[in-house]
Amino acid sequence: LENYKSNSKQLNSSVVGILKRIVLPDSLNLLPCVWHLSFLLVMEKILSDTSISGNASFSSLIQICKYITRKLMDRLLPELTEDMDSFQKTAKTSLARITFVDLLFWKNKRDA
């Protein structure tokens, strides 16, 4: 994935297909497995690359990177509403803190 610009269109399409199988809820639903700092840095590079932003051949790659990043941000910055009790607020805040540490380690199916 790091060489997304020089990869063939078929290879990038295959990578996107594998990522979708791993992260989407109607498939394996193992999204936390891809929340690793080195992988997120590659995704940030893809999302900030203005030379591919309008290119249709990279649209699915950009889309899956956005999905993964948004789900991570939802976990790191939980929405705490007034109707939540203190236990729910504490649980969401604690989960966000743990997720920050989790970014440093690779996870497997059991850990996710």
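Given the structure is predicted, the values throughout are model-derived calculations rather than measurements.

Asks: Explain the nonpolar core to me, please; I cannot follow it from the model alone.
Replies: Note on soluble globular proteins: their nonpolar side chains tend to be buried together. Formed by 22 residues in total, the largest nonpolar core has its most connected members in Val-34, Trp-35, Ile-46, Leu-61 and Ile-68. Counting only elements with at least two residues in this core, the list comes to helix H1 (9-23), helix H2 (37-48) and helix H3 (59-76). Looking at which element gives the most residues to this core, the answer is H3, with seven residues. If we ignore the near neighbours within four places in the chain, the residues touching Trp-35 are Leu-40, Ile-68, Lys-71, Leu-72, Arg-75, Thr-99, Asp-102, Leu-103 and Lys-107.

Asks: Looking at this structure, how should I read H1?
Replies: Within an α-helix, residues lying three or four positions from one another point in the same direction, as the helix has 3.6 residues per turn. The end-to-end C-alpha distance of H1, which contains 15 residues, comes to 21 Å, matching closely the 21 Å that a straight helix rising 1.5 Å per residue would cover. Burial in H1 covers these residues: Asn-12, Val-16, Leu-19 and Val-23. Summarising the axial view, the buried residues of H1 lie within an arc of 65 degrees, below the 170-degree limit, and thus occupy one face. Exposed and facing more than 90 degrees away from the buried side of H1 are Gln-10 and Arg-21.

Asks: Would you take a moment to explain the environment of Asp-83 for this structure?
Replies: Looking at the element boundaries, Asp-83 is found in the loop between H3 and helix H4 (86-102). Each C-alpha atom, one on Asp-83 and one on Leu-41, is 36 Å from the other, the two residues being 42 residues apart in sequence. At 2.3 Å, the side chain of Asp-83 forms a polar contact with the side chain of Thr-81.

Asks: When you look at the pattern of salt bridges in this model, what are you seeing that I'm missing?
Replies: Side-chain pairs of opposite charge can arise where the charged atoms are in close proximity. For the structure on display, the rule yields two salt bridges. A salt bridge links Asp-49 to Lys-5; the shortest N-O distance between them is 3.2 Å. Linking Asp-49 in the loop between H2 and H3 with Lys-5 in the segment before H1, this pair joins segments that are 44 residues apart in sequence. Measuring nitrogen to oxygen at the nearest pair gives 4.0 Å for the salt bridge that ties Asp-111 to Arg-110. On the accessibility criterion, Asp-111 (43% relative accessible area) is partly exposed.

Cut-off values and rules
Residues numbered from 1 in each chain as written. Predicted model: local features only at pLDDT ≥ 70, side-chain atom pairs only at ≥ 80, totals over all residues. Heavy atoms only, no water. Core = buried A, V, L, I, M, F, W, Y, C linked by side-chain atoms within 4.5 Å. Buried < 20%, exposed > 50% of the residue type's maximum accessible area, 1.4 Å probe, protein only. Helix = DSSP H or I, 4+ residues; strand = E, 2+ residues; numbered from the N terminus. Contact = heavy atoms within 4.5 Å. Expected span 1.5 Å × (residues − 1). Arc of directions from axis to C-beta. Polar contact = N/O pair within 3.5 Å; in protein donor to acceptor, adjacent residues only side chain to side chain. Salt bridge = Lys/Arg side-chain N within 4 Å of Asp/Glu carboxyl O.

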